[in-house]
Amino acid sequence: MDPTRFLDVVRLTKKYGTFVALDDVSVTVGESEFVCLLGPSGCGKTTLLRVIAGLTGFDAGDVRLDGRSIADLPARKRGFGIVFQSYSLFPNMTVAENIGYGLRIRGVPPERVRARVSELLEMIRLPHLADRLPWQLSGGQQQRIALARAIAVDPRVLLLDEPLSALDAKVRADLRGEIRRLQRDLGIPTLMVTHDQEEALALADRIICMNNGTVVQAGTPEELYLRPATRFVADFMGTSNLLDTAQVEALFPELMASRPAEAGVRYHACIRPEHVGLRPDPEGIGTVRTVTFLGNLRRLEVETPAGSLTVETHGSVDVPEGSHVALSVEPRHCTWVIDDMGTAAPGGRVS
Amino acid sequence: MSRAVAGAPFRRLAVDGDRLLAAVCLGVPTLGLMVFFLYPMVIVFLRSITEADGGYGLANYAEVLGTRGFWRATRHSMEMGAATTAISVFLGFIIAHGLHRCAFRGKSLIRAAIVLPLLAPSLVQGLGLIFLLGRNGLVNRFMGTDLDIYGFWGLLIANTLYALPQAVMIIGAALVLSDARTYEAAEVLGASPWRQFRDITLPAARFGILNAAFVTFIITITDFGNAAVIGGDYSVLATEIYSQVIGQMNFNLGAVVGIMLLLPTVVAYYIERQASKRQEGQGGGAAVPFVPAPAPARDLPMGALSFLIAAAIALVIGIVVYASFVKLWPYRFELTFKHYAITLAGGYSSLWTTIYISLIAATGGTALVFLLGLGLRRAPAALARPIQMLAVMPAAVPGMVLGLAYILTFNSTATPLYLLYGTAALIAAVNFYHYHTQAFLTVMTGFRQLPAALEEAAGSLGAGLGRIAAGVIAPYLAPMLVSAFFFLFMRSMVTLSAVVFLTTPKLTVASVTIMRLDDAGLTSQAAAFSTCVMLVVAAALLGMKLLMRRFGRAGRATGTG
């Protein structure tokens, strides 16, 4: 058994009528890996998660766990844990009863359930809430209890469906840390669906970027951010300057050397705003249009004869609006990406 | 505020005008509740303790409690209430569970069948059963049996078919709240379908079931129509009041029986309100509505049962419509319109009168509950709370008792209120106050959802209360106002218990005419008249659905656009 393929989704296809929700998708999760499914809404990531959970059927392909197919196993026999965006605690059960529910179903003796529940309540740092009912709790508390409920049964895989999306920014950041800590401590293979690239970057060992029911690119957060394969990924993973060949020739001709020369493919140069060098120069090619102060950095819109660029600078470069600047990019900071958005339907841009 | 007053004297006038208007909004409906609900209820209580010599005492109670007839009627009412409640809640849960938790086709047929009993006076179930199982019923005629449907069993079936839809709606409302994700979470945790039912569905429906039980109990023990038509010798409290008042002209003893019927109703109503509150406290709303996946082992039996029960509801009403066209039930089944040529009991004039009365009750009633909601919003809590309590009280009062209270109050020359006796306005009033609670709560739901910012925005633009009410609040509440209007109209069209004491030879209403036709042995004409009433109410219901659909579309348009 390949430990990097503990959960193995093989060439999965799922259709709703004529609409193809998942088109030949393959995904793996390693034995204690944290994988994020990232993509805009409607890209098929939630459908994929539900297929893996066994809550939705599929048309072709296979889902394997530890080398064995679980495609015919109903959801309740898969031994997974799941957390939804909407918390979904059992409204009529106390916090302790919610967390112990999966154990009770498995026929675990009451005293062992009690012990496990208090252990988990300690783990999520809410031991004082054992006897509350869900509606008496905040969203963040409910979601931590939903997390405890899912891991109480030592799930073989933990599935998280946008678990942080319904929460306030502050609570979201806290719970993000909590999820990461628990997952590391317990080593549960975890698959999380999110549309928030920042969340994916912060949490995942590996990110699977999806669009239009297909996997566009899979890799570590660094790979996806620094070496996006396509324009969609570059665009989705944070802000970037995407320059077509003509623009690159006009602005940064030295970057042309690295351009792949495959016929019939349109390439763009992807340059992150923090990688554009900038210095005041009355003869410079760019004109600063706007400067936005963001605390630790400044974001500038710089206009050039070949279009405008977004540039981020740290510290003390003094370039007021209207001043002229010279621009430079180191070749190692330029990634040539395939233009997959001109032909396919444009994906939603979430950033 | 102080600057506005100092800077512009006419603004101050406007503010005072607002205050006056708010006082009127609160005052007029409250006065109405006092005069047309509280005062008559006090009168009926006083009459129950008024003795033959004019003094107060418990002699009437002693007399009533000393009779075997009263205890028999009480025992019957409780037995009937308990039996109907048990069956209605059980069958109601099956249908509600079928509609909301199972996957099968034709649910709209069941939903339509559930609505049918709302279209007709509650004596139609009795009529239908007589056509089906009575001495001259289909079963006796064609099976050669000798069934006697009058009495306990006939009344039990009639009451169940009448109360069942209410149980379905209440339990259904509890089931529809649950969240699909909760079931999926349980599924992934390993819960079998049976455990999901036991651990999620049943607890979620708990308060709905409790609620439905008390509502069906109240409906059953306070209903008069079916008891009068098919109860036969099986006397219940509602028919006992009727026979004391109409049969023996003994108003004080009737008042005593009324008070005795009021007691269990008030208790049941109080518990029901508490249960409703608990349910509201629990409901967080469904994030993702539950859509049942097909499961033949569950769906086939549940679907079959649901259809069977719904068919019984529809059959008993359908047979009334059919019988109204049949030449001579159950011997000659040629179709004819001759039963529609009604001359007895004033012919169709009572139908037109009822429509007229129902329009008054609906228009006036909707306006009054709107004003009351508006007034309550601006009233201090110390004032608002008791008025709010008064506004929800009428639901605890059986129609028979309210009707009796009205005749005791308005047929007495002691006050100028006597002038109202025998007028359509008084019958409209009794209908409105009989159903005041439901109309009030419907409109209050709208007021609760109304964002305070909307009023404040209009107010800060310089609009006075009148302008805000007409231009901002009323359009926002339009769906609730429309449903309150149609609710009052439809209930007024079919109610019997509250108006049976108030009709006079010159002024009578449709449901009373149907009862009289049935009493006179003209069952087919009673069926014809019932069919006409159902047509009017069905048309009203259709009108409401169309209007509501337009609101729905407008709401969606503004929601997305």
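## As for the overall build of chain A
Point 1. Across its full length, chain A carries nine helices and 18 strands.
Point 2. Over its C-alpha atoms, taken along the principal directions, chain A stretches across nearly 80 × 45 × 35 Å.
Point 3. Looking at chain A as a whole, 51% of its 351 residues qualify as buried.
Point 4. Here the analysis covers contacts within chain A between residues at least 6 apart in sequence; of these, 69% occur between residues at least 24 apart.
Point 5. Element-wise, carbon and sulfur atoms account for 49% of the exposed surface of chain A, whose accessible area totals about 15400 Å².
Point 6. Counting 39 positive and 44 negative side-chain charges, chain A places the averaged centre of each group 7 Å from the other.

## Structural notes on the domain arrangement of chain A
Residue and element names in this part refer to chain A.
Point 1. When the domains of chain A are assigned, the result is domain 1 (3-226) and domain 2 (232-338).
Point 2. Taking the mean C-alpha position of each, domain 1 and domain 2 sit 38 Å from one another.
Point 3. Taken together, the contacts link 15 residues of domain 1 with nine residues of domain 2.
Point 4. Where domain 1 abuts domain 2, roughly 1000 Å² becomes buried across the two surfaces, and 71% of that area is made up of carbon and sulfur atoms.
Point 5. Together, Gln197, Tyr225 and Leu226 form the three largest contributors to the area buried by domain 1 at its contact with domain 2, with a combined 47%.
Point 6. Where domain 1 meets domain 2, there are zero salt bridges.
Point 7. In this structure, the connection of domain 1 to domain 2 is made through three residue pairs in polar contact (both at pLDDT 80 or more).
Point 8. Elements with a minimum of two residues in the side of domain 1 that touches domain 2: α6 (197-203), β9 (206-211), β10 (214-219) and α7 (221-226).
Point 9. The greatest single-element share of the side of domain 1 that touches domain 2, amounting to four residues, is contributed by β9.
Point 10. Taken together, the residues of the side of domain 1 that touches domain 2 break down into 10 nonpolar, five polar and no charged.

## Observations regarding the sheet that holds strand β18 (residues 335-338) of chain A
Residues and elements named next belong to chain A.
Point 1. If you trace the three strands from one edge of the open sheet to the other, you get β11-β12-β18, paired in antiparallel fashion. What marks the edges here is a single partner per strand, and that holds for β11 (241-244) and β18. Across this sheet, the average inter-strand angle for adjacent strands is 40°, counted without regard to direction.
Point 2. With four bridges connecting them, β11 and strand β12 (residues 267-271) associate as antiparallel partners. Across the sheet, Asp244 pairs through a bridge with His268, a residue of β12.

## A word on the side chain of Gln217 of chain A
Residues and elements named next belong to chain A.
Point 1. Topologically, Gln217 is positioned in strand β10.
Point 2. The buried category is assigned to Gln217, whose relative accessible area is 13%.
Point 3. Here Arg227 takes part through its backbone oxygen, which lies 3.1 Å from a polar atom of the side chain of Gln217.
Point 4. Residues contacting Gln217, with those up to four places away along its chain left out, are Ile207, Ile208, Cys209, Glu223, Leu224, Arg227, Pro228, Ala229 and Val233.

## Let's talk about the domain arrangement of chain B
All names here are of chain B.
Point 1. The domain boundaries assigned to chain B delineate domain 1 (21-66 + 337-561) and domain 2 (81-281 + 293-331).
Point 2. For domain 1 versus domain 2, the distance between C-alpha centres works out to 24 Å.
Point 3. Between domain 1 and domain 2, the contact holds 50 residues from the first and 44 residues from the second.
Point 4. Buried area between domain 1 and domain 2, summed over both chains or domains, comes out near 4000 Å², and the portion from carbon and sulfur atoms is 76%.
Point 5. For domain 1, the biggest contributors to the area lost against domain 2 are Ala396, Met400 and Met534; these three give 14% of the whole.
Point 6. Scanning the region where domain 1 abuts domain 2 turns up zero salt bridges.
Point 7. Remark: the boundary between domain 1 and domain 2 carries seven residue pairs in polar contact (both at pLDDT 80 or more).
Point 8. Residue assignment for the side of domain 1 that touches domain 2 shows that the elements contributing at least two residues are α2 (9-48), α3 (59-65), α17 (399-410), α19 (436-449), α21 (465-494), α22 (510-519) and α23 (523-560).

## Quick word on the pairing of strand β7 (residues 158-161) of chain A
Residue and element names in this part refer to chain A.
Point 1. Here β7 shows no split at all, with Leu158 and Leu160 on one side and Leu159 and Asp161 on the other all buried.
Point 2. Pairing of β7 with strand β8 (residues 190-194), which is carried by four bridges, proceeds in the parallel orientation. Residue pairing for β8: Asp161 is matched across the bridge by Val193.
Point 3. Since β7 and β8 lie parallel, the crossover through helix α5 (residues 169-186) that links them has a hand, and here it is right-handed.

## Thoughts on the confidence of the model for chain A
Point 1. When pLDDT is averaged along chain A, the result is 90, and 96% of the positions lie at 70 or above.
Point 2. Confidence over residues 343-351 of chain A falls short of pLDDT 50; this stretch has 11 contacts with residues more than four positions distant or in other chains.

## Considerations on the packing of α17 of chain B against helix α18 (residues 424-434) of chain B
A pair of packed helices can be characterised by two numbers: the angle between their axes and the separation between those axes.
All names here are of chain B.
Point 1. Taken N-terminus to C-terminus, the directions of α17 and α18 make an angle of 140°; their axes are 11 Å apart at the nearest point. On the basis of the axis angle, α17 is oblique to α18. Considering only the axes of α17 and α18, their crossing is right-handed. Between α17 and α18, the residues in contact are Gly399, Leu402, Tyr406 and Phe410 and Leu426, Ala429, Val430, Tyr433 and His434, respectively.
Point 2. Looking at the contact of α17 with α18 residue by residue, the classes come out as seven nonpolar, two polar and no charged.

## Considerations on the interface of chain A and chain B
Point 1. Facing the 24 residues of chain A at the interface are 20 residues of chain B.
Point 2. Interface of chain A and chain B: buried area, both sides summed, is about 2000 Å²; carbon and sulfur atoms make up 62% of it.
Point 3. Looking only at chain A, the three residues that lose the most surface to chain B are Arg76, Asn92 and Tyr101 of chain A, adding up to 28% of its buried area.
Point 4. Viewed at the interface, chain B and chain A are joined by two salt bridges.
Point 5. Between Glu187 of chain B and Arg76 of chain A there is a salt bridge, with its nearest N and O atoms 3.5 Å apart.
Point 6. At the junction of chain A and chain B, the tally comes to five residue pairs in polar contact (both at pLDDT 80 or more).
Point 7. At the level of elements, α1 (45-53), β6 (81-83) and α2 (95-105) of chain A are the ones that each hand at least two residues to the side of chain A that touches chain B.
Point 8. At four residues, α2 of chain A tops the list of elements feeding residues into the side of chain A that touches chain B.

Thresholds, definitions, all that
- Numbering of residues starts from 1 in each chain and follows the order in which that chain's sequence is written.
- Chains and ligands are labelled sequentially in the order written, the chains with letters from A and the ligands with numbers from 1.
- Since the coordinates come from a predicted model, pLDDT governs what is reported: local features require at least 70, and pairs of side-chain atoms require 80 or more to be given and counted, while whole-chain, interface and lining totals use all residues.
- Excluding hydrogens and water, the side-chain figures rest on all heavy atoms present in the structure.
- Counting from the N terminus, the helices are the DSSP runs of H or I reaching at least four residues and the strands are the DSSP runs of E reaching at least two.
- In this scheme, a residue with accessible area under 20% of its type's maximum is buried, one over 50% is exposed, and one in between is partly exposed, where area comes from a 1.4 Å probe on protein chains only.
- In this description, contact between two residues means that some pair of their heavy atoms is separated by no more than 4.5 Å.
- Surface exposure here means Shrake-Rupley accessible area, sampled with a 1.4 Å probe, where a residue is shielded only by the protein chains that are shown.
- When charges are counted, neither His nor the chain ends are considered; positive counts come from Lys and Arg and negative counts from Asp and Glu.
- Charge positions come from single atoms, namely NZ of Lys, CZ of Arg, CG of Asp or CD of Glu.
- In this document the domain limits rely on a domain assignment from an automatic tool or a database.
- Here the quantity called buried area is the accessible surface, traced with a 1.4 Å probe, that two parts lose on coming together, added over both.
- A carboxyl oxygen of Asp or Glu within 4 Å of a side-chain nitrogen of Lys or Arg is what we treat as a salt bridge.
- Each polar contact in these results corresponds to two N or O atoms within 3.5 Å; when the atoms are within protein, one needs to be able to donate a hydrogen and the other to accept it, and residues that are neighboring in sequence are counted only if both atoms are side-chain atoms.
- Any residue that is not Ala, Val, Leu, Ile, Met, Phe, Trp, Tyr, Cys, Pro, Asp, Glu, Lys or Arg is counted as polar, Gly included; the first ten are nonpolar and the last four charged.
- Pairing between strands requires that DSSP locate at least two bridges from one strand to the other.
- The axes used here are C-alpha line fits, helices contributing only the stretch in contact, and every angle between their N-to-C directions lies in the interval 0 to 180 degrees.
- With the strands pointing away from the viewer, any crossover whose connection runs clockwise from the first strand over the helix to the second is right-handed.
- Values of pLDDT, which run from 0 to 100, indicate the predictor's confidence residue by residue.
- With respect to orientation, any angle under 35 degrees is reported as roughly parallel, any angle over 145 as roughly antiparallel, any angle of 65 to 115 as roughly perpendicular, and every other angle as oblique.
- Take the far helix as the reference: if the near one is turned anticlockwise from it by less than a right angle, the crossing is left-handed, and if turned clockwise, right-handed.

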